Amino acid sequence: RESKKIDFALVIYGGADFHFRLLGRFRVGYGLDSKALLINAAPEALMGVVLFVGCFVALQRGKTTFEKQQSQLQASLMTKSSVIVAFATVGAFAAFVAHLSDSSISVQAPNWGMHFVYSDCISHVVFALLLVSAMLVWRPSDEMQGYKYAEQPQDQESQSIIGAAVDDKAQETSDKPVE
C-alpha cells in the first residue's frame, strides 16, 4: 500500500514536471509573465515537497526500527541517508528557483548562452553530487553485514553457469543417483 502511494506521487510529480518544463519552453512564444510561470510551477513544487517529506519519514522509520533491533550500523546508514535527503531538498529548491529565475529566456535576452546553466546545469550538478555522496555512504565494506562481496567458486561447473546462483546443498543432492 505504501509503495502504491509513492508510485502515484512519482507519476503526478512527473506529469507536473513535464507540464512546467513544456511551459518554460513556450515562455517566450506565448509571452508568459513570471506570475503565470509561478502558478504553473506550484504543482511540481508541491509534489516535490511531498516526495521529500515521504523519503525523510521513511528513513526515520527505518532508523527507529534499526535502533530497536540494536543494529547501530544500519541506523547510522539511515541517519546519513536522511542527511543526503536534506541536502537533496536544498539542492532541488536551488535548482527550481534558478529555473524559475532564468533571465536568459526573453525576447531581448543578451545572455541567452546562460540558459543551459539555469535550466539544466544546476540540477545536473546537484544530482551528481548527491549520487556520489550516496555511493560513498552505501559503499560495500567489511562492516556492513548483508552487503559484503562474496567470492565465487572456481570449479568447472560453476564457470559454465553464468549469472546463476549456486546452492551447495542442492548440488550435493543432485549428484546422488535417483532410485
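Each remark here, short or long, concerns the structure printed above.
These numbers come from a predicted model, not from an experiment.

Enquirer: Mind showing me how you'd approach the overall build of the protein chain here?
Expert: Helix and strand content of the protein chain: six helices and zero strands. In the protein chain, the succession of helices and strands from N to C terminus is α-α-α-α-α-α. Counting over 179 residues, the protein chain shows a buried share of 23%. Sequence separation of 24 or more characterises 59% of the internal contacts of the protein chain that already satisfy a separation of 6 or more. With the model as given, the accessible surface of the protein chain reaches about 13300 Å², and the carbon-plus-sulfur share is 64%.

Enquirer: So what exactly am I meant to see when it comes to the packing of aromatic side chains here?
Expert: Aromatic rings considered in pairs are described by the distance between their centres and by the relative angle of their planes. Under the defined criterion, the tally for this structure stands at one aromatic pair. Taking the centre distance of 5.5 Å and the plane angle of 40 degrees together, the rings of Phe20 and Phe96 count as tilted. With a gap of 76 residues between them, Phe20 in helix α1 (residues 2–25) and Phe96 in helix α3 (residues 72–100) connect regions that are remote in the sequence.

Each value, and the rule that gives it
Residues numbered from 1 in each chain as written. Predicted model: local features only at pLDDT ≥ 70, side-chain atom pairs only at ≥ 80, totals over all residues. Heavy atoms only, no water. Helix = DSSP H or I, 4+ residues; strand = E, 2+ residues; numbered from the N terminus. Buried < 20%, exposed > 50% of the residue type's maximum accessible area, 1.4 Å probe, protein only. Contact = heavy atoms within 4.5 Å. Areas by Shrake-Rupley, 256 points an atom, 1.4 Å probe, with all protein chains shown as cover. Phe/Tyr/Trp six-rings, centres within 6.5 Å; stacked < 30°, edge-to-face > 60°.

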